[in-house]
Amino acid sequence: MSTYARQTAQGAQTRNVALPSSLDEAVEALATSPSAVPVAGGTDLMADVNSGLLRPGGLVGLGRINEIRGWQYADGAALLGAGLTHARMGRPDFAALIPALAAAARAAGPPQIRNAGTLGGNIVTCAPTGDSLPVLAALEASVLLAGPEGNRELPVSHLLTGMDPLRPGELLAYVRVPLLHAPQTFLKATARTGPGRATASVALVLDPARRGVRCAVGAVAQVPLRPLEAERWVASLIDWDGQRSLAPEACTAFGEYVAVACIPDPLPAADGTPAPELPPAAIQLRRTVAALARRALGRALA
């Protein structure tokens, strides 16, 4: 659960494996062997090793660190261990806590992936199709990092966008998620029936306390996208003191607003050449995002 450089040249084979039983020991192991790579579920990392994209100088296994395999409550938020598996987050007790994240965990893939893959690995790998990422962006979660220079906390969006990346020797230890006790949902579209990688996903959260709507779209860009103008527009239409209902036409307009914001039309060239037409694949993707956003809003309001 740490960043690593993809290596195309032939490198040294893995020579050592450390199995720490605490975060402090894991940080110490990384400090002792800077070329080592932390590994939890290994669903992405080991695929890179097997395909020859990565030749780590060592591995630091995190499976024995029990402190990052559960969750606790802290100041109105849930402090989730980075070692939580998708299978564990998909259970009913966790779904009662953070429904959208539980829905994303259940959609993360087949059972063997959900049993091994972890929340922290999903964040640090930062694959565009990571199902938990739009949910964490919509919930405005933050991450707690443990490193040789101490602990620090930063918004998850800063880590995903590279605005404030992991430093040498740092580990993602916990994820702090505000407990809104408000409607939230996650929907995804795949290229086939059943579990699979998302072609597009949408997480949507209602925040009655701040009278706001937060939406994040995944899989259509390198990082989840927040259509802020669409969020503000639809929030202004909701009767927060009443039934919190919207006309079907407003939900449809919101979906189209989100889709166009995330998949905009091409711009004209600087020399005045007319803008090219949007490719058919992008048009279809825009329709998919619009449908997901419309349905997510409708379910949250219901």
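Above this text is the structure in question.
Read on for an overview of the structure. (Residues numbered from 1 in each chain as written. Predicted model: local features only at pLDDT ≥ 70, side-chain atom pairs only at ≥ 80, totals over all residues. Heavy atoms only, no water.)

1. Considerations on empty space enclosed by the protein
Consideration 1: Applying the stated criterion across every chain, the model contains 1 cavity of 30 Å³ or more.
Consideration 2: Estimates place the volume of the largest cavity at around 30 Å³.
Consideration 3: Along the walls of the largest cavity sit L97, I98, L139, V177, P178, L179, L180, H181 and Q184, which together make up its complete lining. (1 Å grid on protein atoms, 1.4 Å probe; cavity = no way out; pocket = protein on both sides within 12 Å on 5 of 7 lines; lining within 4 Å. Points joined across faces, edges and corners; volume = space filled by probe spheres on them.)

2. Quick look at the sheet that holds strand β7 (residues 150–155)
Consideration 1: Judged by pairing direction, the sheet is antiparallel, and its 5 strands sit side by side in the order β4-β5-β8-β6-β7 without closing on themselves. For this open sheet the edge positions go to β4 (71–74) and β7, each flanked by a neighbour on one side alone. On average, adjacent strands in this sheet sit at an angle of 25° to one another, irrespective of strand direction.
Consideration 2: Direction of pairing for strand β5 (residues 77–81) relative to strand β8 (residues 171–178): antiparallel, over a ladder of 5 bridges. Note that in β8 the partner of L79 across the bridge is R176. (Pairing = 2+ DSSP bridges. Helix = DSSP H or I, 4+ residues; strand = E, 2+ residues; numbered from the N terminus. Axes fitted to C-alpha atoms, helices over the stretch in contact; angles between N-to-C directions.)

3. Comments concerning the sheet that holds strand β9 (residues 184–190)
Consideration 1: Taken together, the 3 strands give an open sheet; going across it, the order is β9-β10-β11, and neighbouring strands pair in antiparallel fashion. Each having just a single partner strand, β9 and β11 (212–218) make up the two edges of the open sheet. Geometrically, the sheet is characterised by an average inter-axis angle of 10° between neighbouring strands, direction not taken into account.
Consideration 2: Here strand β10 (residues 198–207) runs beside β11; their pairing, made up of 7 bridges, is antiparallel.

4. With respect to the packing of helix α5 (residues 99–106) against helix α8 (residues 132–139)
Consideration 1: The contact between α5 and α8 brings their axes to 9 Å, and the two run at 170°. Here α8 runs roughly antiparallel to α5, going by the angle between their axes. Residues A100, L101 and A104 of α5 form the contact with α8, whose participating residues are S132, V135 and L136.
Consideration 2: Here the residues of the contact of α5 with α8 sort into 5 nonpolar, 1 polar and no charged. (Parallel < 35°, antiparallel > 145°, perpendicular 65-115°, else oblique. Contact = heavy atoms within 4.5 Å. Nonpolar A, V, L, I, M, F, W, Y, C, P; charged D, E, K, R; others polar.)

5. What to know about the pairing of β7
Consideration 1: Direction of pairing for strand β6 (residues 142–147) relative to β7: antiparallel, over a ladder of 6 bridges. Bridge assignment links G147 to a residue of β7, and that residue is G150.

6. Looking at the pattern of salt bridges
Consideration 1: All told, the structure shown has 13 salt bridges when counted by the stated rule.
Consideration 2: Across the pair D207 and R214 runs a salt bridge whose closest N-O atoms are separated by 3.0 Å.
Consideration 3: In this structure D207 comes out as buried when scored by relative accessible area, which is 5%.
Consideration 4: Classification of R214 by relative accessible area gives buried; the value is 6%.
Consideration 5: The salt bridge involving D265 is made with R286; its shortest N-O contact spans 2.9 Å. With a gap of 21 residues between them, D265 in the loop between α11 (248–262) and α12 (280–301) and R286 in helix α12 connect regions that are remote in the sequence.
Consideration 6: Using a relative accessible area of 17% as the deciding quantity, one classes R286 as buried.
Consideration 7: Taken together, the salt bridges that share partners define one network made up of E140, D207, R210, R214, R226 and E231. (Salt bridge = Lys/Arg side-chain N within 4 Å of Asp/Glu carboxyl O. Buried < 20%, exposed > 50% of the residue type's maximum accessible area, 1.4 Å probe, protein only.)

7. Observations concerning the side chain of S22
Consideration 1: Along the chain, the position of S22 falls in the loop between β1 (17–18) and α1 (23–32).
Consideration 2: Within the structure, the side chain of S22 is placed 3.2 Å from the backbone nitrogen of E25, a separation counted as a polar contact.
Consideration 3: Setting aside residues up to four positions removed in sequence, S22 forms contacts with I65 and E67. (Polar contact = N/O pair within 3.5 Å; in protein donor to acceptor, adjacent residues only side chain to side chain.)

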